[in-house]
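# Observations on the model geometry
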Amino acid sequence: MKILSENKCFGGMQGVYAHQSESCAVEMTFGLFLPEEAQDGPVPVLWYLSGLTCTHENAMVKAGAQTWAAEHGIALVFPDTSPRGDEVADDEAYDLGKGAGFYVNATEDPWTPNFQMYDYIAKDLPDLLFSEFPLDPARQSISGHSMGGHGALTLAMSLPGRFASVSAFSPICHPTQSDWGRKQFTAYLGADEDAWKAHDSTLLMEKIGFDGPILVDTGTEDQFIDLLMPEAFAQAMGQRRQQATLRLQPGYDHSYFFVSSFMEDHVAFHAEALYGVST
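Because the structure is a prediction, the values reported are computed rather than measured. (Residues numbered from 1 in each chain as written. Predicted model: local features only at pLDDT ≥ 70, side-chain atom pairs only at ≥ 80, totals over all residues. Heavy atoms only, no water.)

## Here's the deal with the overall build of the chain
Quick reminder of the rule: Secondary structure elements follow DSSP: runs of H or I of four or more residues count as helices, runs of E of two or more count as strands, with numbering from the N terminus. Note that the radius of gyration is over C-alpha atoms, with the globule rule given as 2.2 Å times the number of residues to the power 0.38. The cut-offs for exposure are 20% and 50% of the maximum accessible area for each residue type, with area from a 1.4 Å probe on protein chains only; residues under the lower value are buried, those over the upper are exposed, and the others partly exposed.
A tally of regular secondary structure across the chain gives 9 helices and 9 strands. Its C-alpha radius of gyration of 17 Å places the chain within 12% of the 19 Å reference for a compact globule of 279 residues. Expressed along its principal axes, the backbone C-alpha trace of the chain runs to roughly 50 × 45 × 35 Å. Taking all 279 residues of the chain together, 58% fall into the buried category.

Structure below.
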């Protein structure tokens, strides 16, 4: 692991690190905020998965999450959204290839050698983090935005017992039925749509659900709301009687102005689940 930068931040430390990823077979970069409490022992962890075109840096510098994480004594993990490098396959479109890993394990060429983002988030990066930093693996929660909201919801439901809570900003809720999903799943996973179902939060909610609280925020003026399909996820949650809060925020769009406006709510929501009490 290489230290790329470390900066004092709200009493804690915001670092950026690089390591050789076994699952993605390239060097990967991630951000990690450690609150001041980490000096005394392991702290709870909130994962934040970013959206299309993003790197580890977008949420790290735009979401304002460190302010609230420091208040609650929670670490923040900001992974990249895809493998990078000259040898990594890419596409001219912004929504496929680099910056668009969709948090799946690709089974189709030319994506298979490096685009193993599900394994990277589920196993590879956690193995490194919990061996190198004072983080508590028994207290983890996960959040994300857009494509990252899709990743947060699907990982939370497909890894039962891993996360105490899950939240999402403007998540892609039903990718098997959306142009933000069908295109990428066909490329990464092939034409067999049965293989896609494990990466659709609406279908996972219908089949599995989540053993914990869920918070989802989407702006009513989100320019991509027809691709996100929050109504499908809401219907699935209602049918399952899932413990969840789904909010449509009047006038907000898809940007980080929206994310940062409600980040305090989301960190406090996760803090309550991670500590077992309202903080």
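## Things to note about the pairing of strand 5 (residues 75-79)
Under the convention used in this document: We treat two strands as partners when DSSP finds at least two bridges between them.
Burial runs high along strand 5: 5 of the 5 residues are buried. Neither face of strand 5 is left uncovered, since the one carrying Ala75, Val77 and Pro79 and the one carrying Leu76 and Phe78 both have all their residues buried. As defined by bridge partners, strand 3 (residues 27-34) adjoins strand 5 across 4 bridges and the pair is classed as antiparallel. Bridge pairing in strand 5 links phenylalanine 30 to proline 79. Sheet analysis places strand 4 (residues 43-49) next to strand 5, joined by 3 bridges and oriented parallel. Its bridge partner lying in strand 5, leucine 46 is registered against leucine 76.

## What about the packing of aromatic side chains?
Put simply, the test is: The rule is short: rings of Phe, Tyr and Trp, with Trp giving its six-membered ring, pair when the centres are within 6.5 Å, and they are stacked under 30 degrees, edge-to-face over 60, tilted in between.
Evaluation of the coordinates by the stated rule reveals 13 aromatic pairs. With 5.2 Å between their ring centres and 85 degrees between their planes, tryptophan 111 and phenylalanine 115 make a pair best called edge-to-face. We note that tryptophan 111, like phenylalanine 115, is buried. Every member of this aromatic cluster is reached through a ring pair, and the members are Phe169, Tyr252, Phe258 and Phe262.

## Concerning the packing of helix 2 (residues 65-72) against helix 9 (residues 256-275)
Threshold: Angles shown run from 0 to 180 degrees and are taken between the N-to-C directions of axes, each axis being a line fitted to C-alpha atoms and, for helices, limited to the stretch in contact. Oblique is the label for every angle not falling under 35 degrees (roughly parallel), over 145 degrees (roughly antiparallel), or within 65 to 115 degrees (roughly perpendicular). In this scheme the crossing of two helices becomes right-handed for a clockwise turn of the near helix relative to the far one and left-handed for an anticlockwise turn of less than a right angle. By definition, residues are in contact when any of their heavy atoms lie within 4.5 Å. By the convention adopted, Pro, Cys, Tyr, Trp, Phe, Met, Ile, Leu, Val and Ala count as nonpolar, Lys, Arg, Asp and Glu as charged, and the other residues, Gly among them, as polar.
Two elements in contact, helix 2 and helix 9, have axes separated by 9 Å at closest approach and are oriented at 30 degrees. In terms of axis orientation, helix 2 runs roughly parallel to helix 9. For the pair helix 2 and helix 9, the sense of crossing is right-handed. Residues Ala65, Trp68, Ala69 and His72 of helix 2 form the contact with helix 9, whose participating residues are Met263, Glu264, Val267, Ala268, Ala271 and Tyr275. Per-class residue counts for the contact of helix 2 with helix 9 are 8 nonpolar, 1 polar and 1 charged.

## Things to note about the side chain of aspartate 200
For clarity, the threshold we go by: Asp and Glu count as negative and Lys and Arg as positive, but His and the ends of the chain are not part of the count. Any carboxyl oxygen of Asp or Glu that lies within 4 Å of a side-chain nitrogen of Lys or Arg is treated as forming a salt bridge with it.
Relative to the assigned elements, aspartate 200 resides in the loop between helix 5 (179-189) and helix 6 (201-207). Here aspartate 200 sits buried without a salt bridge, and the closest side chain of opposite charge, arginine 182, lies 8.2 Å off (N-O distance). The residues contacting aspartate 200, other than those within four sequence positions of it, are Thr154, Cys173, His174, Pro175 and Thr176.

## Points about unusual backbone geometry
For the bond running from aspartate 109 to proline 110, omega is 5 degrees, close enough to zero to count as cis. Mapped onto the fold, proline 110 is located in the loop between strand 5 and helix 3 (117-132). For alanine 25, which is not glycine, the phi torsion reads 60 degrees and is therefore positive. Looking at the secondary structure, you find alanine 25 in the loop between strand 2 (12-20) and strand 3.

## Focus: helix 5
Threshold: The directions from the helix axis to the C-beta atoms form the arc being described. Under the rule applied, a polar contact is a pair of N or O atoms within 3.5 Å (in protein, one hydrogen donor and one hydrogen acceptor; residues adjacent in sequence only if both atoms are side-chain atoms).
Among all positions in helix 5, only Trp180, Gly181, Gln184, Phe185, Ala187, Tyr188 and Leu189 are buried. Along the axis of helix 5, the buried positions cluster into a sector of 165 degrees, meaning they face one direction only. Turning to helix 5, the residues buried within the fold contact helix 4 (147-158) and helix 7 (225-228). Between the side-chain oxygen of the N-cap and the backbone nitrogen of tryptophan 180 there are 3.0 Å, and the N-cap of helix 5 in question is serine 178. The positive-phi residue at the C-terminal boundary of helix 5 is glycine 190, with phi of around 95 degrees.

## Observations regarding helix 9
Residues spaced three or four apart along an α-helix face the same direction, because each turn holds 3.6 residues. As a reminder of what qualifies: Working rule for helices: expected span equals 1.5 Å times residues minus one. One fitted axis covers the seven residues ending at a residue, a second covers the seven starting there, and the bend at that residue is the angle between these axes.
In this model helix 9 runs 27 Å from its N-terminal to its C-terminal C-alpha over 20 residues, within 8% of the 28 Å that 1.5 Å per residue would give. Phenylalanine 262 marks where helix 9 bends most, by close to 50 degrees. Inspection of helix 9 places Tyr256, Phe258, Val259, Phe262, Met263, His266, Val267, Phe269, His270, Ala271 and Leu274 among the buried residues, and these make up the whole buried set. Where helix 9 begins, the capping side chain belongs to serine 255, and its oxygen is found 3.2 Å from the backbone nitrogen of phenylalanine 257. In the segment just after helix 9, glycine 276 is the residue with positive phi, at about 80 degrees.

All we've got here are geometric facts, nothing functional implied.
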